[in-house]
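Analysis of the macromolecular model
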Amino acid sequence: MKLALEQISPDADSSFHILLTPQLSDVFLWHYHPEYEIVFIEGASGTRHVGNHMSRYEGSDLVFIGPNVPHLNFDYGVRTEHRKVVVQLKENFLGEVFWQAPELAAITRLFERARSGLSFYGATKQAVGQQLSQLAGLPSFERLLSLLRIFQQLATSTEYTPLHGQAVASAYNLNEQQRLKRVHQFITDEYARKIEIPEVAALASLTESAFCRSFKRITGLTFTQFLNQYRINQAQKLLLMDHTVSEACFACGFESLSYFNRIFRRLTGENPLQFKKRHRQEPP
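It should be emphasised that the depicted structure is a prediction, and the values quoted were computed from it without experimental measurement.

**Some words on the nonpolar core**
- Counting residues in each nonpolar core, the largest one holds 34 residues, and the members touching the most others are Ile-187, Phe-211, Phe-223 and Phe-260.
- Among the elements of the structure, helix 4 (174-190), helix 5 (197-203), helix 6 (208-219), helix 7 (223-240), helix 8 (245-251) and helix 9 (257-268) are those that each provide at least two residues to this core.
- Sorting elements by how many residues they give to this core places helix 7 first, with eight residues.
- Every residue in contact with Phe-223, bar those within four places of it in the chain, is listed here: Val-183, Ile-187, Ile-195, Ile-197, Val-200, Phe-211 and Phe-215.
- Residues Ile-38, Val-85, Val-128 and Leu-154 belong to the second largest nonpolar core, which totals 30 residues.

Encoded structure:
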């Protein structure tokens, strides 16, 4: 039973589709579609899982995802009152020739960068999020112009983080979705302690070798790589809250400070202390 491919059609009076706060907090929807997707969620903290990237967002999130990149619904597990706007559009939603206009060069480059997913922060997230929240109430022509202005803002912003997602190679079946859901929840609950692969394989009702093969095929990462990525993201949040490097290391399940520093540098391009100093004046 294939559930992964989401079928999307433009709204009746529009060249794209808008969803307003779909009630999916109890639904683990690991899915993909050939459309681009902009997601803004406010009043919530949850999981940002795009392709082989997994992290947490706090308070709000703004993400632009390219075609066929698998992702989890951003409101999964959210229990607070929140607002969510989702805009879905085909790559050529305004026609092929339209994008060849020189005035749209920056937006064209944005769409290329978004193929692997982009997360926006700071003033860009606040300003674009407000505009997205007003989009559905505009007349159709004004709605289109507003969307193009949003793209231009995103295209010229430097306040973004690449998510490095990869397009899906094959659909996922129901059993795989359920396994991934259990592993997701397990990581969220237990990342602060030592986790062994046999324990997670048993949770997924698979042998260790079968679990490792399945997990790598679905996420593009080994389980250890995936877990380390989540832990480093949590450590970044602790560092921004002025915890020491040692506190962040051991609070996020790392047993060795040298290993923590090595993985942190590998995933972020800088060591934890450099990260902390760099963001003191400009938090992400």
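**Focus on helix 9**
- End to end, helix 9 covers 16 Å across 12 residues, agreeing with the expected 16 Å (1.5 Å per residue, within 8%).
- Contacts made by the buried residues of helix 9 are with helix 7, helix 8 and helix 10 (272-278).

**Thoughts on the side chain of Glu-159**
- In this fold, Glu-159 is placed in the loop between helix 3 (140-156) and strand 10 (160-162).
- It is Lys-125 that comes nearest to the buried, bridge-free Glu-159 among opposite-charge side chains, at 9.8 Å.
- Among the polar contacts listed, one links the side chain of Glu-159 to the backbone nitrogen of Ala-123, at a separation of 3.3 Å.
- Excluding residues within four positions of it along the chain, Glu-159 makes contact with Ser-119, Phe-120, Tyr-121, Gly-122, Ala-123 and Thr-124.

**Points about the packing of helix 2 (residues 122-135) against helix 3**
- Contact pair helix 2 / helix 3: the axes reach a minimum separation of 10 Å and the direction vectors enclose 165°. With respect to helix 3, the element helix 2 is oriented roughly antiparallel. Of the two possible hands of crossing, helix 2 and helix 3 adopt the one that is left-handed. Contacts between helix 2 and helix 3 involve Thr-124, Ala-127, Val-128, Gln-131, Leu-132 and Leu-135 from the first element and Arg-143, Ser-146, Leu-147, Ile-150, Gln-153 and Leu-154 from the second.
- Per-class residue counts for the contact of helix 2 with helix 3 are seven nonpolar, four polar and one charged.

**Considering the confidence of the model for the protein**
- The share of residues in the protein with pLDDT of 70 or more is 88%, and the mean pLDDT across the chain is 85.
- Ignoring residues within four places in sequence, the model shows residues 1-5, a span with pLDDT below 50, making 17 contacts including any to other chains.

The rules behind these values
Residues numbered from 1 in each chain as written. Predicted model: local features only at pLDDT ≥ 70, side-chain atom pairs only at ≥ 80, totals over all residues. Heavy atoms only, no water. Core = buried A, V, L, I, M, F, W, Y, C linked by side-chain atoms within 4.5 Å. Buried < 20%, exposed > 50% of the residue type's maximum accessible area, 1.4 Å probe, protein only. Helix = DSSP H or I, 4+ residues; strand = E, 2+ residues; numbered from the N terminus. Contact = heavy atoms within 4.5 Å. Expected span 1.5 Å × (residues − 1). Lys, Arg positive; Asp, Glu negative; His and termini not counted. Salt bridge = Lys/Arg side-chain N within 4 Å of Asp/Glu carboxyl O. Polar contact = N/O pair within 3.5 Å; in protein donor to acceptor, adjacent residues only side chain to side chain. Axes fitted to C-alpha atoms, helices over the stretch in contact; angles between N-to-C directions. Parallel < 35°, antiparallel > 145°, perpendicular 65-115°, else oblique. Left-handed = near helix turned anticlockwise from the far one by under 90°. Nonpolar A, V, L, I, M, F, W, Y, C, P; charged D, E, K, R; others polar. pLDDT = per-residue confidence, 0-100.

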